[in-house]
Structures are given as structure tokens and as C-alpha cells.
Amino acid sequence: MRPIRACFLAQHPLSFASVESVWRACARDPRFDAQVLAIPSIFEWGPHKAATLGDHVTPYLRTAGIPHRTDGRAWLDAWRPDVIFVPSPFDSQRPPDFHVESLAALARLAYVPYGFEIGGGGWQQKQFGESVHNLAWRIYARSERVRALYARYGTRGGDNVVVTGHPKLDRLPALLAAAPRAPGHARTVLWNPQLDVQPGSTGWSTFLEYWRTLPALVARDFPDLLLVVRPHPQMREKGLATGALADGEWEAWTAWLATLPNVLLDESPEPYAVFATSDALVSDTSSFLLEYLPTGRPICYLRHPRGPGLNEEGSLVEHYDGADDLAGIATFLARVARGEDPGRARRLAAAREYLHATDGRAGERVRDDLARSLRPTARAWSRATVPATAPLVSVIIPTFRRSAILRQCLEALGRQRFPAERFEVIVSDDGSGDETEQVVRALEVPYPLTFLTQPNAGPARARNHALRHARGEIVLILNDDAVLDPDAVTIHVERHLLHPEGGLAVLGAFRFPERLRRSLVTRIAEDSALLFHYPRMRAGHGTWEQFYTCNISMRRRDLDAIGHFDERFTGPAGEDIELGIRFCEAGGRVEYEPACVAWHEHPQSVDGLARVGHVRGLASPLVTLIQPTCTWVTDVTPATLRTEQATLSTLEAKLAELHAMLRTVESDGFRLPDPPPERERVLRAVAAAVRSFYTFHYLRGVLDSPWVTALAEANVRRAAGPALRAG
């Protein structure tokens, strides 16, 4: 069984700290193949917006001995992970290839919040309602309180949130047990000003209130204390971008700190070592207010009268000391210097409520949830793989006059890692009348292979013919030009074993190989979702509109319950979508599994695109006639038919121009221009031409359909009216 492929995107030590213990737990577990991919960061502030910060993470990964890759999205696409851990909610800080929507089309997304969500004001959208929160398959939360915040402020009601405790805290127990004291000082106090430094101190940060006065206070009045100053690593850049700091001010300030005998500037990659060696924390609206809590040591919250404040999690500060000014900080420091801590018991009680668990095992709990959710248990496998006279899976492949591609399809099934004795393959020939039967019977394959034939009647009847002979509990339906990756059958079976209750259709990917995508027409047809919706889909989700029988599986009992394919469809279009509507209306669900790949070994051409559009147009009126849920062809009447026919007739000359242009584009001599602006302009023009060309033939197919008149008459009876449109 293939291990679960988990990819951890690393941008910065601070955000990677949120998933490091998850990666470590997965890396030492044989059920997982855990990979770290270092990617660049992009500043989103002022003049620094274009600066990449990739080197901020790779030195840390090397020092920590964490194996990692730097080969970008190309490797990720080729590896095809089961789950990707996204480091932060901010797409603006990542290259476009690593934006959330792009990643969601490749794999399930998981997110462990990089910080602890306590900011109030208008920050709730950033903390609970960004794309990563809405598209993530899993969000691993530190407490039930946080799950409630996702339910309140997010758009999904918290349905993707699992409470595990925060993995970032997993290092603390061991560090606290081994923490040395700072030499020469009775006590150490950590000061952590928040990042959001704004002119006039209008952000969350109180840095400008105390950046000069607090170090001076400690140096003058508390010689036995060591003040460790740990500002956010990007505070200098933030201050310069907002205008809160002038050029050279930061450098002058850090130089001044170095002159103070008991003040230390901490710029280490991550903060938990100083957590362990310190005796108290002074902080404003920073996630340190929560992260420091498991130490059990005193915390002073710096209230900010002009800042945006805290959200519901901010009630935590009621269990802390507080200060509104330098005098209040001095009072807190005096208690720390004397070793007094009257609030310890109530802080420790609050830790259980606000942090769920701080036992160092949150990463293991995340790992275990991944394993439960992405792979069936050994018990489930044993139930499915006991010796039996019938195979577990029946692979059904209708075919018509494509014996060469069919051979590749069948040979790829012979390379599956799934046990060959546990699946059968049934080829149902739709009256090809050529060498197809001889090609199939001549193949030597490790699995049981059945060849059926019938007079030409379309793939719907051919699939039904195969279904009558199928013996498997799970039915996997493929196109004859679908060449499966070696793990594809295994992934289909695993998804169904995770859902023994049934009602699931697992949709695998159907992609053109890169060598076929060298054709500009093929690339545009795929990337624009003209042929299939895959570029717009996200892992784990799908609808009846994506019930594509090129690479889809379901339980036989579910298929029998809704009836098989409607044999009124005689062409290769519409019959799968119509079945998908019945399946979903019966309570079934479609889940897209992008790691389950079938390669579309069928080069796309301009003339082929015309045929596809026309065939789909022919079928659309029948789908709409049978299933009013489908609105591909809406409100057709006899009058609109006459109007659309006249409109298409006037566009024949334009169609001929488009055809000639696209034939030029697909010729061997066509080259895109080199200057990027001109190249983009040409690409947009060609993409528009491809869409228009396809749509014209789709509409022509609708008007040529033997079912369009019946649909028009049915719509008249429904008193409908507006227009004909492409689906």
C-alpha cells in the first residue's frame, strides 16, 4: 500500500514551527512519505513587496537537520501529494503557483494556524475567513474555543476544524525540563512587542510606546534583571513601510541596546529556547500571550488604548497581570524581581481551557487524524481482501475504434500496485468492426480480462453491457484513452474503504501528458476548463457536473440503486452527467481525488475540438429534457430555435476565419512571440478564439439534436422563454 504523501510548505522558521512536530511525527511513521518543500516568501509592505525571502527558511532547515526540497511547483505536480500543509493564510506573500486555490486543485489542504488567533477589530476575516480557511480540508485548532470562533466567523461553520492542541507547543515540555538559567542575573524577562507598528501607535503594537523607555527602565532600576527584547523578525521592514520608523532609526536603536549592561536583543530563528530560560513575559497583542502560557510563569499584558483590541480569546488576559503605562510595567517587574507570582494557579487553569493540551503530542494527534482520514485501517483492508471467488473491483472500459490507445490503457492496468487477482477488467466494444478484439485477446496481462462486443449503440449501452457481467463490489469506469498511474486503482479502493456506508463517487484526475500539452490548442482546452472542470476543482469536492466517466468509481450497489446508464444517449456525451444527477439527487456525493491520475492519451486538435463541441451539443437537450436540474440548454422554444439558427448562419464566415487561424496555431511552424507582453496578448487572443470555436460547434450541435424539438415543446408547456446558451 502506497504511503500517505504529506507535503509541508516551509516559508519562514516562525510559520514552519507550527507544523514541525507534525512533520517529525509523519517522518518517523512508515505509513507516511513526508516531504518539506521550501518556497520563497514575498513582502507585502511598501517598497519591499517584490523582495523574496526564501533564505529565511532554508538556513533554519539546514541547521535543524530537516531534509527539504527547493525544486518548486514542478516537483509538487509530479509527486502528487495526498495533503499539503499551507504555512499561512496570506497568498500575497507567496508566488502564484503556491496560492491556495492553485494548491487546492492539486491535493487536500491542511492548515495549522501560524499564530494564535487573538486579534480583534476587523481582523476576524484574516484569522477565520481567508481562502485557506474556506478551502482547507482540515484546520487543526488548539482548542474547542477556537473551533467555536471558526464556526462564528468562518463561512463553513467549522466543519473542517479538528481540535488537537497546537503542534507549535510540542517542543516546550522538553525545553522547560532542561532549561538553564541566564548567568549573572537573578531573573530574566522576555519583552515581545507585536509586529503591527503604525505611526501614532494606532496598530496592535505598543512598540513605539516603550522601545526607548522600557530598556532604559530595566537598565536603571532593575540591575538584577535581564531584559531579553524579541521584536517580530519583520518589524524593521514593517516600520519602514508604514512610516513608523525613519531610515537608520532601527539600526541606531539596536546599537543603543547593545550598550545596556542587562538588555539583550534576541534575533534567533524561533523563540521557544528563550521561553524556557526566561522567568516572565511582557507582551501586547501577540500570540506569545497564549504560547507562553504553558511555562506557568508570570505574564504582563500591555493594554493599548488606541489599538484594535482583542477578540473573544482575549478574555484570557483577565488571568494575567496588566499594565497601561511604564509605571504599571515597573510594578510587574518589581514582583518578578522578588519572585512573587500570586496568579499562577489561575493561569494554569486557563491553560487547559484555552490550549486543550500541552503534553507535547499535538503533532502526533494531527498525524493520527491524517492516517485515519486518508487511509483505511488494516481491519478495513482485511475485510476487503479476504479470499473470495469474486474480485473486489470491476474496471469497465467502453471502446470504439481506438485499439492502439486501448492497448496502452490495458497495459497500464497491468502495472497497478493493487493486487491483480483482486480486480477484473471488462472491455465492452461498441461495434468497432476492426482489429480491436484481436488486439485485446493478444495481450498478456496479470488480471482477468473479459472482452464483450455489441452492435454500435454508444458508450451508455456498452457500459451497461459490461455491468451485466461485472462481479466486483466497486465499479471503476475508464475511458479507453485513460492510462492510469500505478497507484490509481489502490487510491480508488482506499477512498471507498474509508466510507463503507457507500454513497460516494471517487473522481480521479484526467490530464494530458506534458508532451501533448506542447500543442497550444490542447493546453488552452485543458487549462481553460473547456473540456473538463478539473482546473477549477478542489480536492475532496465535486458535483454532478463533474461526474466524468473517464476515471470514476462507485460501489456497485449504489449504481444498481439508481439504475444504469440511460441508453437513449447514443453518443459519447451527456450519459455520464445524467447518471451523476440521479446519483447526487439520491444523496450521493462526488469527491475529486487529484492524486488518482489517468493520463489522457488523446491529442487534441482543432477539428477534434469541433467534434467534441458538436457531440456535447447533440446530447445537451436530452440531458435537460430528462433532468430539469441541468440548465445547459435553458428555455428553448420553437421561436428561439429559429432565431438561433439564423444567428449561426450569419456567423459562418467568422467561423471559417477562426478555423483558419486555429489551424495555423496548431501547425508545426507556429511560434509564440518572445516579448512577454506580446506573448500574453497572443495567448489571450488564441484562448478567446478556441472558446468561440468550441461554443459555435456546441450550439450547432444543440440545434442539430434530435431531442431539441421535444425540449422546445416541453418548455412551451412550462411557459418558459428567454434564450439558448452554452453549458
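J.: Which residues make up the overall build of the chain, and what values go with them?
T.: Secondary structure summary: the chain contains 31 helices and 20 strands in total. The burial tally for the chain puts 57% of its 727 residues in the buried class. Carbon and sulfur atoms make up 53% of the accessible area of the chain, which amounts to about 29,200 Å² in all. For the chain, the distance from the average site of its 83 positive side-chain charges to the average site of its 86 negative ones is 2 Å.

J.: Can you lay out the pattern of salt bridges for me, pointing to particular residues and giving the numbers?
T.: As enumerated under the stated definition, the model contains 56 salt bridges in all. Of the charged contacts in the structure, one is a salt bridge between Arg31 and Asp29, with a shortest N-O distance of 2.7 Å. Residue class for Arg31 comes out partly exposed when judged on its relative accessible area of 42%. A residue is classified by how much of its surface remains accessible, and Asp29, at 9% relative accessible area, is buried. Note that Lys168 and Glu291 form a salt bridge whose closest N and O atoms lie 3.5 Å from each other. Of this pair, Lys168 sits in the loop between β6 (161-163) and α9 (172-177) while Glu291 sits in helix α15 (residues 288-291), placing them 123 residues apart in sequence. Taking relative accessible area as the criterion, Lys168 reaches 8% and is therefore assigned buried. Residue classification places Glu291 among the buried residues on the basis of a relative accessible area of 2%.

J.: Tell me about the packing of helix α27 (residues 606-626) against helix α30 (residues 676-704), and name the residues and values.
T.: Running from amino to carboxyl end, α27 crosses α30 at an angle of 40°, the nearest separation of the two axes being 6 Å. It follows from the interaxial angle that α27 and α30 lie oblique. Relative to α30, α27 is oriented so that their crossing is right-handed. Residues Val606, Leu609, Ala610, Val612, Gly613, His614, Arg616, Gly617, Leu618, Ser620 and Pro621 of α27 pack against Val690, Phe693, Tyr694, His697, Tyr698, Arg700, Gly701, Val702 and Asp704 of α30. Here the residues of the contact of α27 with α30 are counted per class, giving 11 nonpolar, six polar and three charged.

J.: Break down helix α28 (residues 638-650) for me, with residues and values.
T.: Counted at 1.5 Å a residue, the expected span for α28 with its 13 residues is 18 Å, and the 19 Å between its end C-alpha atoms agrees. If you check which residues of α28 are buried, you get Thr640, Leu641, Glu644 and Leu648. All buried residues of α28 lie within an arc of 105° about the axis, which places them on one face of the element. The outward face of α28, more than 90 degrees from its buried face, is lined by the exposed residues Arg642 and Thr650. Buried positions along α28 lie against α29 (652-665), α30 and α31 (708-717).

J.: Summarise the side chain of Asp430; cite the residues concerned and give the values.
T.: Among the structural elements, Asp430 can be located in the loop between β14 (423-429) and α21 (436-442). Among buried charged residues, Asp430 stands out as having no salt bridge; its nearest opposite-charge side chain is Arg461, 7.3 Å away. At 2.9 Å, the side chain of Asp430 forms a polar contact with the side chain of Gln454. At a separation of 2.8 Å, a polar atom in the side chain of Asp430 contacts the main-chain amide nitrogen of Gly458. Setting aside residues up to four positions removed in sequence, Asp430 forms contacts with Thr399, Phe400, Gln454, Pro455, Asn456, Ala457, Gly458, Pro459 and Ala462.

J.: Could you give me a rundown of the pairing of strand β10 (residues 280-283), with the residues and numbers involved?
T.: On β10, burial covers both faces: Ala280 and Val282 on one face and Leu281 and Ser283 on the other are all buried. Of the pairings in the sheet, the one linking strand β7 (residues 187-192) to β10 comprises four bridges and is parallel in character. Residue pairing in the sheet places Trp191 in a bridge with Val282 of β10. Bridge analysis of β10 against strand β11 (residues 299-302) gives three bridges, and the strand direction is parallel. Of the residues in β11, the one forming a bridge with Val282 is Cys300.

J.: Give me the nonpolar core: which residues, what numbers.
T.: Nonpolar side chains in soluble globular proteins tend to be buried together. Within the largest apolar cluster, 104 residues are counted, with the highest numbers of intra-cluster contacts made by Leu410 and Leu413. Broken down by element, the residue count for this core peaks at 12 residues, all from α30. With sequence-adjacent residues up to four places away left out, Leu413 is seen in contact with Val395, Ile397, Phe423, Val425, Tyr447, Leu478, Leu484 and Val489. The next biggest cluster of nonpolar side chains, apart from the first, holds 31 residues, and it includes Phe207, Tyr210, Val218 and Val229.

J.: A description of the packing of aromatic side chains should follow, citing residues and the corresponding values.
T.: This structure, assessed with the given rule, holds 23 aromatic pairs. When the ring of Phe85 is compared with that of Tyr140, the centres are 6.5 Å apart and the planes differ by 20°; the resulting orientation is stacked. One end of the pair, Phe85, is in strand β3 (residues 83-86); the other, Tyr140, is in strand β5 (residues 138-141), with 55 residues separating them in the sequence. Each of the two residues, Phe85 as well as Tyr140, counts as buried. Ring geometry for Phe128 versus Tyr153: centroids 5.8 Å apart, planes at 20°, classification stacked. Of this pair, Phe128 sits in helix α6 (residues 124-128) while Tyr153 is found in helix α8 (residues 144-153), placing the two residues 25 residues apart along the sequence. Tyr153 sits in the partly exposed class, given a relative accessible area of 31%. Each member of the aromatic cluster is reached from another via a ring pair, and the members are Trp191, Phe207, Trp211, Trp250 and Trp253.

J.: Tell me about the sheet that holds strand β12 (residues 321-323), residues and numbers included.
T.: Ordered by their spatial adjacency, six strands build an open sheet running β9-β8-β7-β10-β11-β12, and the pairing between neighbours is parallel. Each of the sheet's edge strands pairs with one partner strand only, and the pair in question is β9 (263-265) and β12. Each strand of the sheet is rotated relative to its neighbour by a mean of 20°, with strand direction disregarded. Inspection of the sheet shows β7 paired to strand β8 (residues 225-229) by five bridges, in the parallel sense. Opposite Thr188, over in β8, you have Leu226 as the bridge partner.

J.: Could you give an account of helix α24 (residues 520-527), with specific residues and numbers?
T.: Of all eight residues in α24, six are buried; the element is thus mostly enclosed. Restricting attention to buried positions, one finds in α24 the residues Leu520, Val521, Thr522, Ile524, Ala525 and Glu526. On the buried face of α24, the contacting elements are β18 (504-511), α27, α29 and α30. In the segment just after α24, Ala529 is the residue with positive phi, at about 60°.

J.: Account for the pairing of strand β16 (residues 474-478), with residues named and values stated.
T.: The two faces of a sheet get side chains in turn, since along a regular strand they alternate between them. Burial analysis of β16 places five of its five residues in the buried class, the great majority of the element. Residues of β16 alternate between two faces, with Ile474, Leu476 and Leu478 on one and Val475 and Ile477 on the opposite face, all of them buried. In this sheet, β16 lies alongside strand β13 (residues 393-399) in parallel orientation, the contact comprising four bridges. In the strand pairing of β16, Ser394 is matched with Val475. Here β16 pairs with strand β19 (residues 551-555) via five bridges, running antiparallel.

J.: Would you mind going over empty space enclosed by the protein in detail, with residue names and values included?
T.: Across all of its chains, the model carries one cavity of 30 Å³ or more by this definition. Its boundaries defined by the atoms lining it, the largest cavity holds a volume of some 40 Å³. Taken together, Phe128, His133, Asn134, Ile139, Tyr150, Gly154, Thr155, Arg156, Gly157, Gly158, Asn160 and Val161 make up the full set of residues lining the largest cavity.

Each value, and the rule that gives it
Residues numbered from 1 in each chain as written. Predicted model: local features only at pLDDT ≥ 70, side-chain atom pairs only at ≥ 80, totals over all residues. Heavy atoms only, no water. Helix = DSSP H or I, 4+ residues; strand = E, 2+ residues; numbered from the N terminus. Buried < 20%, exposed > 50% of the residue type's maximum accessible area, 1.4 Å probe, protein only. Areas by Shrake-Rupley, 256 points an atom, 1.4 Å probe, with all protein chains shown as cover. Lys, Arg positive; Asp, Glu negative; His and termini not counted. Charge placed at Lys NZ, Arg CZ, Asp CG, Glu CD. Salt bridge = Lys/Arg side-chain N within 4 Å of Asp/Glu carboxyl O. Axes fitted to C-alpha atoms, helices over the stretch in contact; angles between N-to-C directions. Parallel < 35°, antiparallel > 145°, perpendicular 65-115°, else oblique. Left-handed = near helix turned anticlockwise from the far one by under 90°. Contact = heavy atoms within 4.5 Å. Nonpolar A, V, L, I, M, F, W, Y, C, P; charged D, E, K, R; others polar. Expected span 1.5 Å × (residues − 1). Arc of directions from axis to C-beta. Polar contact = N/O pair within 3.5 Å; in protein donor to acceptor, adjacent residues only side chain to side chain. Pairing = 2+ DSSP bridges. Core = buried A, V, L, I, M, F, W, Y, C linked by side-chain atoms within 4.5 Å. Phe/Tyr/Trp six-rings, centres within 6.5 Å; stacked < 30°, edge-to-face > 60°. 1 Å grid on protein atoms, 1.4 Å probe; cavity = no way out; pocket = protein on both sides within 12 Å on 5 of 7 lines; lining within 4 Å. Points joined across faces, edges and corners; volume = space filled by probe spheres on them.

As far as function goes, none of this settles anything; it's purely spatial.
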